[in-house]
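Architecture at a glance
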Amino acid sequence: VDDEPALCELVQRYFSQEGYECFTSFSGEEALGLMQRNHFDMVVTDIMMPGMSGIDLLIIIKSLYPDVAVLMISAVEDVRTSSQAVELGAYGYVLKPFSKGQLLIDVASALERRRVTLKDREDPPDTHLMVPQKRGERRRVLIRGNDIDD
């Protein structure tokens, strides 16, 4: 999502060459319309756009589609905005101009984090603890999700 058509075209080419199915949008409003009609794993969006900002788009995406990974891009290095984006649920923040390699690595990393998060939510990892008993003995306690069995 970017209000610069040339950048959208370039990024779409990057992703298509790597085997990703990619849609482009020139505004946050248009992106939300696409999201209503299609399933997306990830959104890459500019922060500074006319109309709806990338931060506003991030907030709406996270409220309507919490499992969608969002990667923010911006031409302005602003620690406050990048921190705010991550606090609101963005998987990262990439500065323009960026290289193809950098963007693809950041996207792959965000998609992997999303995959692990979804997998852990479906099947929480088992955690084993050693719990002290009387006379220095220990027993194994299995914690799965919020249940404790001993």
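Look a little higher up for the structure.
The structure presented is a predicted model; accordingly, all values stated were derived computationally and were not measured. (Residues numbered from 1 in each chain as written. Predicted model: local features only at pLDDT ≥ 70, side-chain atom pairs only at ≥ 80, totals over all residues. Heavy atoms only, no water.)

Concerning helix 4 (residues 79-87)
The line we're drawing: Each residue is assigned to one of three classes by its accessible area relative to the maximum for its type, calculated with a 1.4 Å probe on protein chains only: buried under 20%, partly exposed between the two thresholds, exposed over 50%. Only DSSP runs of H or I covering at least 4 residues are called helices, and only runs of E covering at least 2 are called strands; the numbering of each starts at the N terminus. Here the arc refers to the directions that run from the helix axis out to each C-beta atom. In this analysis, two residues are considered to be in contact whenever any of their non-hydrogen atoms come within 4.5 Å of each other.
Of the positions making up helix 4, those classed as buried are T81, S82 and A85. For helix 4, the angular spread of the buried residues around the axis is 100°, confining them to a single face. Away from its buried face by more than 90 degrees, helix 4 exposes V79, R80 and E87. Buried residues in helix 4 make contact with helix 3 (54-64), strand 2 (69-74) and strand 3 (92-95).

Some details on the packing of aromatic side chains
Quick reminder of the rule: Each aromatic pair joins two rings of Phe, Tyr and Trp (for Trp, the six-membered one) with centres within 6.5 Å, and gets the label stacked for planes under 30 degrees apart, edge-to-face for over 60, and tilted for any other angle.
By the definition in use, this model includes two aromatic pairs. Centroid distance F15 to Y20: 5.6 Å. Interplanar angle 80°. Geometry classified as edge-to-face. Note on F15: relative accessible area 7%, which makes it buried. Note on F23 and F40: the rings are 5.2 Å apart at their centroids and 80° apart in plane angle, and the pair reads as edge-to-face. Of the two residues, F23 sits in the loop between helix 1 (5-17) and helix 2 (28-37) while F40 sits in the loop between helix 2 and strand 1 (42-46), which places them 17 residues apart along the sequence. Judged by relative accessible area, which is 38%, F23 ranks as partly exposed. Since its relative accessible area comes to 16%, F40 is described here as buried.

Notes on the environment of T24
Considering the arrangement of structural elements, one finds T24 in the loop between helix 1 and helix 2. Those residues in contact with T24 that sit more than four places away from it in its chain are C8, Q12, E30 and L34.

Let's talk about the side chain of T45
Following the sequence through the fold, T45 ends up in strand 1. Leaving out residues up to four positions away in the same chain, T45 has contacts with V1, G54, L57, V70, L71, M72 and I73.

Digging into the pattern of salt bridges
Our working definition: The salt bridge criterion pairs a side-chain nitrogen of Lys or Arg with a carboxyl oxygen of Asp or Glu, the two atoms within 4 Å.
Applying the stated criterion to the full structure yields eight salt bridges. Here D2 and K96 are joined by a salt bridge, their closest N and O atoms 3.0 Å apart. Of this pair, D2 sits in the segment before helix 1 while K96 sits in the loop between strand 3 and helix 5 (100-122), placing them 94 residues apart in sequence. The burial state of D2 is the same as that of K96; both residues are buried. E112 is the partner of R115 in a salt bridge, and the nearest nitrogen-oxygen pair spans 2.7 Å. On the criterion of helical spacing, the pair formed by R115 and E112 is a turn pair, its members being three residues apart in helix 5. By relative accessible area, which is 42% here, R115 ends up partly exposed.

Spatial relationships are all this shows, so hold off on functional conclusions.
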